[in-house]
Amino acid sequence: MRLIRSSSWHAVTTFILLVGMQPVQASIDLNLSNKDSIKKAAKVAAAGMVRYYTGYRPGDVPGNLPDPYYWWEAGAMFGSLIEYYYYTRDTQYVDMTTQAMLWQVGRDKNYMPDNQTRTLGNDDQAFWALSAMSAAEVKFPDPPPDQPQWLELAQAVFNTQAHRWDTSTCGGGLKWQIFAFNAGYNYKNTVSNGCFFNLASRLAVYTNNETYAQWAERTWDWVNATGLIGPSYQFFDGSDDRKNCTEINHIQWTYNAGLFLLGAANMYNHTNGAEIWKTRLENIIAGLDIFFKDNVMTEVFCENTHCDVDQRSFKAYLSRWMAATTSKAPFTYDLLMPRLRASAAAAALQCNGPDNACGLRWTRGADYDGSTGVGEQMSALDVFQANLADRVPPRVTNSTGGTSKGDPNAGTRNSDEKFLGISEMKIAVGDQVGAGVLTSIFVVATICGVLFMVK
């Protein structure tokens, strides 16, 4: 250790005193028995999240987050704001969200915009569709009649992805990447197939069209048969189709479990409480144990080391889909809400950074971890507003008050190959997409996955 010269001691002492005099930022005050307190906490978290978004400003691109955030996470963020409107009826973000959701639809109205298509993954595209599906379910204000409608957009993405179901390897499934020139094309991952299962099941409930339910069944059966669902209902990350999916990457993420949780809840709802889906739901909920410590949610694979930009948002989706599950399968309420309550209370304590910025590691209580960003804010927002799930009207279908217009043939006008005919353009780093496990993480994770604790 180098000695500090005596002339520097005064400056060091002054700095320490000044830091000590700064007021300690209080955590968010959250009373879970008070609806207005929950709404207030959600409002603070939402404001902190939207602070990162600049797409509504003149000259900026609606729907895009700045570096280092990928395109898919913007779609997920607007899904959080759609849910925020549902839970709080605060309309301040409605116009901004509508603008972004419609700006990014692409030429075939299936969330394949020209500035993203060349680097698009199935999961990236699907996250925007899941947000559109939420908008239909919660009666988010419909777009103008001359614009694509929420249900139509969700159906367009479903139709596009159903066409990509690949039986050439592994007996079926969706690949992670859409185009062969992208790294990860040979990876059939759980998040892409989980998104498709989730979307299909929700479309089945909303439209009462059995075709969607059949696709949901087919997807569940394939994921299960491939071994991506473990014996204790662990949802593993994926598998390489060059090895015919015979080797599984055993890493587990909260959002994979969440996708299948809500999908199973919708299938339970669609089948009028079929015992098979009730059993699956109960088993999925039991399998969530790995993601909770004293009922507080944690992203166990990365929070003790380093979570990348994507992974820092994953708890938002599990929180979001746990809450929606209680609506579609009410028997799950008593199983899920204690965890949402404990997690929300812990997240509120961790929101004690500058301007109530929320940290990542909720298990640390008020010991702020210094991690800030869109993902941290979104996760806090979603877990706060999830505690309003029993204080809002039920999610709707087209037979129970839904107003969103659909088109069963949406998204079928152009093939993926035609989208490759777009003009060459330089794609900025911030416009590249990489939902789920990024390529570098995937390589490391495949090697280290066997070390991961499997429940």
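It should be emphasised that the depicted structure is a prediction, and the values quoted were computed from it without experimental measurement.

It is worth spelling out the overall build of the chain at this point. Secondary structure assignment for the chain yields 15 helices and five strands. If you take every contact in the chain between residues at least 6 apart in sequence, the share linking residues at least 24 apart comes to 72%. Split by element, the accessible area of the chain, about 18300 Å² in all, is 54% carbon and sulfur.

Next up on the list: the packing of aromatic side chains. Within this structure, the stated rule accounts for 38 aromatic pairs. Taking 5.6 Å as the distance between ring centres and 10° as the angle between the ring planes, the aromatic pair formed by Phe179 and Phe181 counts as stacked. What links up through ring pairs into an aromatic cluster is the set Trp72, Phe127, Trp253, Tyr255, Phe301, Phe314, Tyr317 and Trp321. Stacked on the ring of Phe292, the Lys or Arg Arg339 has its end atom at 4.6 Å from the ring centre.

Put plainly, a disulfide is one covalent bond tying together the sulfur atoms of two cysteines. Overall, the coordinates contain three disulfides when judged by the stated rule. At a sulfur-sulfur separation of 2.1 Å, the disulfide partner of Cys170 is Cys245. On the sign convention where negative is left-handed, the bridge of Cys170 and Cys245, at about 80° about the S-S bond, is right-handed. One end of the pair, Cys170, is in the loop between α6 (150–162) and β1 (187–189); the other, Cys245, is in the loop between β2 (236–240) and β3 (248–252), and 75 residues separate them in sequence. Counting only the cysteines that form disulfides, in the order they appear in the chain, gives the pairing 1-2, 3-4, 5-6.

Here we take up helix α11 (residues 314–328). Between its first and last C-alpha atoms α11 spans 22 Å; for 15 residues at 1.5 Å apiece the expected length is 21 Å, and the two agree. The element α11 is extensively covered by neighbouring structure, given that 14 of its 15 residues are classed as buried.

Next up on the list: the sheet that holds β2. Spatially, β1-β2-β3 is the arrangement adopted by the three strands of the open sheet, whose pairing is antiparallel. On the outer flanks of this sheet lie β1 and β3, each paired with one strand and no other. Each strand of the sheet is rotated relative to its neighbour by a mean of 25°, with strand direction disregarded. Sheet topology note: the β2/β3 ladder contains three bridges and is antiparallel. Bridging across to β3, Gly238 finds its partner in Asn249.

A separate point is helix α5 (residues 122–137). Taking 1.5 Å of rise per residue, the 16 residues of α5 would be expected to cover 22 Å, and the 22 Å separating its terminal C-alpha atoms lies within 8% of that figure. Counting buried residues in α5 gives 16 out of 16 residues, a clear majority hidden from the surface. Once α5 ends, the next one or two residues include Lys139, with phi positive near 60°.

Packing of helix α2 (residues 35–50) against helix α3 (residues 71–88) brings their axes to within 11 Å, and their N-to-C directions diverge by 155°. With respect to each other, α2 and α3 are oriented roughly antiparallel. Crossing of α2 against α3: the hand is left-handed. Contact residues: α2 offers Lys39, Ala42, Lys43, Ala46, Met49 and Val50, while α3 offers Met77, Ser80, Leu81, Tyr84, Tyr87 and Thr88. When grouped by side-chain class, the residues that make up the contact of α2 with α3 number eight nonpolar, two polar and two charged.

A word on the nonpolar core. Proteins that are soluble and globular tend to have nonpolar side chains buried together. Judged by nonpolar contacts, the single largest core of 135 residues is most densely connected at Phe78, Tyr317 and Phe384. Apart from the residues within four sequence positions on either side, Phe78 is in contact with Tyr53, Gly63, Met96, Thr97, Ala100, Met101, Trp128 and Ser131.

The next point concerns the side chain of Asn266. For Asn266, the location among the structural elements is in helix α9 (residues 254–270). According to the relative accessible area criterion, Asn266 is buried, its value standing at 2%. With near-sequence residues (within four places) excluded, Asn266 lies in contact with Ser201, Arg202, Val205 and Lys328.

Structurally, Asn256 is set in helix α9. Not counting residues within four places of it along the chain, the set of residues in contact with Asn256 comprises Thr190, Val191, Phe235, Phe236 and Asp237.

Mapped onto the elements of the fold, Ala225 is located in helix α8 (residues 210–226). In this structure Ala225 comes out as exposed when scored by relative accessible area, which is 69%.

Further remarks concern the pattern of salt bridges. Enumeration over the complete set of coordinates arrives at 16 salt bridges. Two residues, Glu247 and Lys243, come together in a salt bridge whose shortest N-O distance is 3.2 Å. Relative accessible area serves as the criterion here: at 43%, Lys243 is assigned to the partly exposed category. Across the pair Glu303 and Lys315 runs a salt bridge, and its minimum N-O distance is 2.8 Å. Of the two residues, Glu303 is situated in the loop between β5 (296–297) and α11 and Lys315 in helix α11; the sequence distance between them amounts to 12 residues. Comparing Glu303 with Lys315, the two get one shared label, buried.

A few words on the pairing of β2. The buried fraction of β2 amounts to five of the five residues, a majority that puts the element mostly inside the structure. Pairing of β1 with β2, which is carried by three bridges, proceeds in the antiparallel orientation. Looking at β2, one finds that Lys188 is bridged to Ser239.

Per-residue confidence for the chain gives a mean pLDDT of 89, with 86% of residues at or over 70. Confidence drops under pLDDT 50 across residues 1–24; counting only partners more than four residues distant or on other chains, this segment forms one contact. Across residues 422–455 the pLDDT falls below 50, and counting only partners more than four positions away or on other chains, this stretch makes 83 contacts in the model.

Reading the values: the criteria
Residues numbered from 1 in each chain as written. Predicted model: local features only at pLDDT ≥ 70, side-chain atom pairs only at ≥ 80, totals over all residues. Heavy atoms only, no water. Helix = DSSP H or I, 4+ residues; strand = E, 2+ residues; numbered from the N terminus. Contact = heavy atoms within 4.5 Å. Areas by Shrake-Rupley, 256 points an atom, 1.4 Å probe, with all protein chains shown as cover. Phe/Tyr/Trp six-rings, centres within 6.5 Å; stacked < 30°, edge-to-face > 60°. Lys NZ or Arg CZ within 6 Å of the ring centre and 35° of its normal. Disulfide = S-S within 2.5 Å. Expected span 1.5 Å × (residues − 1). Buried < 20%, exposed > 50% of the residue type's maximum accessible area, 1.4 Å probe, protein only. Pairing = 2+ DSSP bridges. Axes fitted to C-alpha atoms, helices over the stretch in contact; angles between N-to-C directions. Parallel < 35°, antiparallel > 145°, perpendicular 65-115°, else oblique. Left-handed = near helix turned anticlockwise from the far one by under 90°. Nonpolar A, V, L, I, M, F, W, Y, C, P; charged D, E, K, R; others polar. Core = buried A, V, L, I, M, F, W, Y, C linked by side-chain atoms within 4.5 Å. Salt bridge = Lys/Arg side-chain N within 4 Å of Asp/Glu carboxyl O. pLDDT = per-residue confidence, 0-100.

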